Amino acid sequence: MLRTALLAAARSPLARQVVERTPLARPVVRRFVAGSSLREAVDVTASLIADGRKVTLDHLGEDTTDAAQAAATVDAYERLLAELGSSGLAHGAEVSVKLSAVGQSLPKDGEKIALDNARLICEAAAAVGTTVTLDMEDHTTTDSTLGILGDLRVDFPSTGAVLQAYLRRTEQDCRDLSGAGSRVRLCKGAYKEPESVAYQDKSEVDRSYVRCLRILMNGAGYPMVASHDPRLVAIAADVASAAGRTVDTYEHQMLYGVRPDAQREIAAAGKTLRVYVPYGDQWYGYFMRRLAERPANVAFFLRSLATK
Ligand code: FDA
């Protein structure tokens, strides 16, 4: 119930105003968000790479209803990618993009605007020798996002997708995206979805995750195992070795601020561990989804408000 309430609040403009105006929220937010500026994001990236981890950077923002805001997001990614290139970090860092931040939800021509904008970001990434992964948002956007992915992959074949194991459709999407050169980040899924399209029970989601892992690991693409769940991390290693994969043919991914010790352990074991690093001022929706994932985070958040 708490998860449902938090995910509803993640989409509520009123709740957003209240939480964002709470300056004391910020230290707690900083556990999950690298900072508001490009400089802070690049500094965090440099220290993670120096520590043996890789990075995917997310310029925070979503559900943009303003074309100028979408263009500003493209500009932010272009500046970020140029900075990654000039500071020599592009070998270890790529970017993650939410299509709703670059125009997908605009009422008129949203899909075309998002495709054109995403193409600009892919060009900027290619110019410095790195890649883009398209985040996956709620299920009403899945077909559109996969359609745009297909268009982008014609010119930028290394563009990655995210698939969510909680969706009933995802096993088939995994089959469709398991070909050579296909980079697929498999996560459980972070949005509130109806029973008609998504498994509701945690154990059902976990079982779906394992079925999807088997499909991806036995395919010819590059699976990206995005989970902090120790059980699924261990199963991924078993499924990969049963599929005859070496550790350089897939990677693990975790969120900034979540299980950092496990992140270091995976990297120290000689595997690729990529950290998803969000930055920027539009942290509200992202932060609320992180609270929803773990009730203890809510207590942490409330305690910080009470004691400061
Ligand atoms: P689960 O939620 O069961 O957590 C397992 C354990 O991890 C917990 O017991 C706890 O120890 C720790 N943990 C997990 N979340 C935590 C948190 N917020 N705070 C503290 N500890 C936590 N989703 C989506 O819908 N679209 C997307 O594009 C992406 N992209 C994405 C990229 C990457 C790199 C990751 C790691 C995740 C995503 N997600 C996502 C989010 C994903 O769908 C999911 O909500 C979270 O990863 C939590 O699920 P776990 O698999 O970690 O398992």
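Residues numbered from 1 in each chain as written. Predicted model: local features only at pLDDT ≥ 70, side-chain atom pairs only at ≥ 80, totals over all residues.

(A) Representation of the sheet that holds strand S2 (residues 93-97) in the model. If you walk around this closed barrel you meet the eight strands as S1-S2-S3-S4-S5-S6-S7-S8, and the pairing is parallel. For this sheet, the mean angle separating the axes of adjacent strands, direction not counted, is 30°. Bridge count between strand S5 (residues 183-187) and strand S6 (residues 222-226): four bridges; the pairing is parallel. Note that in S6 the partner of Arg-183 across the bridge is Tyr-222. (Pairing = 2+ DSSP bridges. Helix = DSSP H or I, 4+ residues; strand = E, 2+ residues; numbered from the N terminus. Axes fitted to C-alpha atoms, helices over the stretch in contact; angles between N-to-C directions.)

(B) Representation of unusual backbone geometry in the model. Of note, the phi angle at Asp-63 is positive, near 55°, even though the residue is not glycine. The exposure class of Asp-63 is partly exposed, given the 14 C-beta atoms found within 10 Å. (Buried ≥ 20, exposed ≤ 12 C-beta atoms within 10 Å, placed from the backbone.)

(C) Up close: the UniProt feature "domain: Proline dehydrogenase" (unreviewed entry) in the protein. When the UniProt feature table is mapped onto this chain numbering, "domain: Proline dehydrogenase" (unreviewed entry) sits at residues 46-300. Secondary structure content for residues 46-300 is 46% helix and 16% strand, and the end C-alpha separation is 28 Å. (UniProt positions renumbered as here; feature names shortened; annotations may be inferred.)

(D) How the structure looks around the environment of Arg-3. Tracing the backbone through its elements, the reader meets Arg-3 in helix H1 (residues 2-10). Residues Arg-3 and Ile-113, 110 residues apart in the sequence, show an inter-C-alpha distance of 33 Å.

(E) Region of interest: the UniProt feature "binding site: FAD" (unreviewed entry) in the protein. Residues annotated in UniProt with the feature "binding site: FAD" (unreviewed entry) correspond here to Met-136, Gln-164, Lys-188, Gly-189, Ala-190, Lys-202, Ser-227 and His-228. Along the polypeptide, Lys-202 turns up in helix H9 (residues 202-217). Along the chain, the position of His-228 falls in the loop between S6 and helix H10 (230-242). Given 17 C-beta atoms within a 10 Å radius, His-228 is considered partly exposed. Apart from residues no more than four positions distant in its own chain, His-228 is found in contact with Met-254, Val-258, Arg-259 and Ala-262. (Contact = placed C-beta atoms within 7 Å.)

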